[in-house]
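Examining the three-dimensional arrangement
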Amino acid sequence: MPIALHELPPEAYFKASLEEVEQVLFPIVEDLLSKHSISPTSIDILISNCSLFCPTPSITAMITNKFGFRSNIKSFSLSGMGCGAGLLSISLAKDLLKVHKNSLALVLSMEAISTNAYHGKAKSMLVTNTIFRMGGAAILLSNKKHDEQRSKYKLLHLVRTHMGSDDRSYGSVIQQDDGDGFVGVSLSRSLSHVAGNALRTNISELGPLVLPYLEQLRCGWGAVHRKLWVTAGRKEIYVPDFKKAFEHFCIHAGGRAIIDAVESNLKLQKEDGEASRMTLHRFGNTSSSSVWYELCYLEAKGKVKKGDRIWQIAFGSGFKCNSAVWKSISVLDPQERNAWSDRIHSYPVQIPNAP
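Nothing here was measured: the structure is a model prediction, and the numbers come from that model. (Residues numbered from 1 in each chain as written. Predicted model: local features only at pLDDT ≥ 70, side-chain atom pairs only at ≥ 80, totals over all residues. Heavy atoms only, no water.)

Describing the UniProt feature "domain: Beta-ketoacyl-[acyl-carrier-protein] synthase III C-terminal" (unreviewed entry) in the chain
Under the UniProt annotation, the feature "domain: Beta-ketoacyl-[acyl-carrier-protein] synthase III C-terminal" (unreviewed entry) is placed at residues 247–327. A helix fraction of 40% and a strand fraction of 25% characterise residues 247–327, whose end C-alpha atoms lie 10 Å from each other. (UniProt positions renumbered as here; feature names shortened; annotations may be inferred. Helix = DSSP H or I, 4+ residues; strand = E, 2+ residues; numbered from the N terminus.)

See the structure below:
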């Protein structure tokens, strides 16, 4: 938790959120640049996402001022996009890199919670106080040919789904006043159902891009069979075997119910969601950066091999479901320092079932 929320009473000041941004982003940007021996002036595109904190000057301006990026850097600060904004930022970077050749893009994902803790009594808003925690990630993307040899992953596909035209989906995660003057983020009871619907819509577009032809045929035949011949009361939908398309899954650590819903919808085993559950256990819900903590977990465990495909699944307010598919293109060293290095030997842990 940020320092401001350890105070009694908590200090919900604007300055506290600025200090939180500096505490999270400054060290990871410095670490990323020094790790790869990259000068700040080499960065061509800078994208940040922070849903609930949008200062002036912007977060990208803070980073530019701190590290001395070029005056002609293409910078973008995204806000209000929820926990799915991390992959939205990757999508924006991907599109920009298609236009701007021989470029480096730096993507920064975080959420500021210093001034966004809820102080009221509405149960639907109190939940966010229990699961959201500090965290952030810095991701460097390149379209330079010579960078391929030192890159960890190649982005294969990115599919975005927005369910905002549906009122139930739109209102499932929403920031609002509770009636007593306290502002918070309300999570509806239908959130798991909404997430499941958004996921099904998303994979209807992603499936043809990644699934083997045999699985696509089975899925198509299942749809025809269900429509023409299955009797009333037997409407089971054929779920493709996505383990034939991916070796690893990074499901947004939005909460136990979200992870359970994704595992159920995709017919996955508990071990497939291990990275997500362990990230939730140790770091809480770090919002848009959670899928990167999960990828770090897989790396630290030595599970990611060259040629493996990873599916990152992120959810966000609106309601959005975003998928990114990466392919490992290098041999990864599990001893390389990352967010899990200090205690990866203690995981996985047994998490008790909810009462």
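So, the packing of helix H1 (residues 14–35) against helix H2 (residues 59–67)
Two packed helices can be described by the angle between their axes and the distance between those axes. Between H1 and H2, whose axes approach to 11 Å, the crossing angle comes to 55 degrees. Between H1 and H2, the angle is such that the two are oblique. For the pair H1 and H2, the crossing hand works out as right-handed. Across the interface between the two elements, Leu 18, Val 21, Glu 22, Leu 25, Phe 26, Val 29, Glu 30 and Leu 33 of H1 pack against Ile 59, Met 62, Ile 63, Lys 66 and Phe 67 of H2. Of the residues that constitute the contact of H1 with H2, the class distribution is 10 nonpolar, no polar and three charged. (Axes fitted to C-alpha atoms, helices over the stretch in contact; angles between N-to-C directions. Parallel < 35°, antiparallel > 145°, perpendicular 65-115°, else oblique. Left-handed = near helix turned anticlockwise from the far one by under 90°. Contact = heavy atoms within 4.5 Å. Nonpolar A, V, L, I, M, F, W, Y, C, P; charged D, E, K, R; others polar.)

Section: the side chain of Glu 299
Structurally, Glu 299 is set in helix H10 (residues 290–300). Setting aside residues up to four positions removed in sequence, Glu 299 forms contacts with Lys 152, Tyr 153, Val 304, Leu 332, Pro 334 and Asn 338.

With respect to the layout of surface pockets
Counted as a void, the second largest pocket has a volume near 1200 Å³. If you list the elements that add at least two residues to the lining of the second largest pocket, you get helix H4 (123–131), strand S6 (173–177), strand S7 (183–187), helix H6 (191–210), helix H8 (256–266) and strand S9 (309–316). Element by element, the count of residues in the lining of the second largest pocket is highest for H4, at seven residues. For the lining of the second largest pocket, the residue count by class is 21 nonpolar, 20 polar and five charged. (1 Å grid on protein atoms, 1.4 Å probe; cavity = no way out; pocket = protein on both sides within 12 Å on 5 of 7 lines; lining within 4 Å. Points joined across faces, edges and corners; volume = space filled by probe spheres on them.)

Some points on the side chain of Asp 272
Along the chain, the position of Asp 272 falls in the loop between H8 and helix H9 (274–283). Polar side-chain contacts of Asp 272 include one of 2.9 Å to the backbone nitrogen of Gln 269. The contact partners of Asp 272, leaving out residues within four places of it in the chain, are Lys 243 and Phe 249. (Polar contact = N/O pair within 3.5 Å; in protein donor to acceptor, adjacent residues only side chain to side chain.)

Things to note about H4
Within the span of H4, buried status applies to Met 125, Thr 128 and Ile 131. For H4, the angular spread of buried residues about the axis comes to 120 degrees, placing them on one side. Seen from the buried face of H4, the exposed residues on the opposite side, beyond 90 degrees, are Lys 123 and Thr 130. Along its buried surface, H4 packs onto S6 and S7. (Buried < 20%, exposed > 50% of the residue type's maximum accessible area, 1.4 Å probe, protein only. Arc of directions from axis to C-beta.)

Points about the sheet that holds strand S2 (residues 74–78)
Read across the open sheet, the four strands follow the order S2-S1-S3-S4; overall the sheet is mixed. The strands lining the two open edges of the sheet, one partner per strand, are S2 and strand S4 (136–142). Between one strand and the next, the sheet's axes are offset by a mean angle of 10 degrees, whatever the strand orientation. Lying on the sheet, H2 is in contact with strand S1 (45–49), S2 and strand S3 (104–110); it crosses S1 at an angle near 130 degrees. (Pairing = 2+ DSSP bridges.)

Considerations on the environment of Tyr 347
With respect to the helices, strands and loops of the structure, Tyr 347 is situated in the segment after strand S10 (320–328). The residues touching Tyr 347, leaving out its near neighbours within four places in the chain, are Met 278, His 281, Arg 282, Tyr 297, Lys 301 and Trp 340.

Considering the pattern of salt bridges
Overall, the coordinates contain 17 salt bridges when judged by the stated rule. Here Lys 270 and Asp 260 are joined by a salt bridge, their closest N and O atoms 3.7 Å apart. You can see Lys 270 sitting in the loop between H8 and H9 and its partner Asp 260 sitting in helix H8, a full 10 residues away along the chain. Two residues, Glu 274 and Lys 303, come together in a salt bridge whose shortest N-O distance is 3.2 Å. You can see Glu 274 sitting in helix H9 and its partner Lys 303 sitting in the loop between H10 and S9, a full 29 residues away along the chain. (Salt bridge = Lys/Arg side-chain N within 4 Å of Asp/Glu carboxyl O.)

A few points about the environment of Ile 38
Within the secondary structure, Ile 38 sits in the loop between H1 and S1. We classify Ile 38 as buried; its relative accessible area is 9%. Apart from residues lying up to four places away in sequence, Ile 38 is in contact with Leu 33, Ile 43, Leu 104, Leu 140 and Arg 150.

What about the sheet that holds S10?
Strand order in this open sheet of four strands is S5-S10-S9-S8, and the pairing throughout is mixed. Bordering the open sheet on either side are strand S5 (153–162) and strand S8 (248–251), each of which pairs with just one other strand. Direction aside, the axes of adjacent strands within the sheet are offset by 15 degrees on average. Across eight bridges, the pairing between S9 and S10 is antiparallel. By the bridge assignment for S10, Ile 313 is matched with Ser 323. Each of S5, S8, S9 and S10 is contacted by H10, which is oriented at about 150 degrees to S8, the strand it contacts most.

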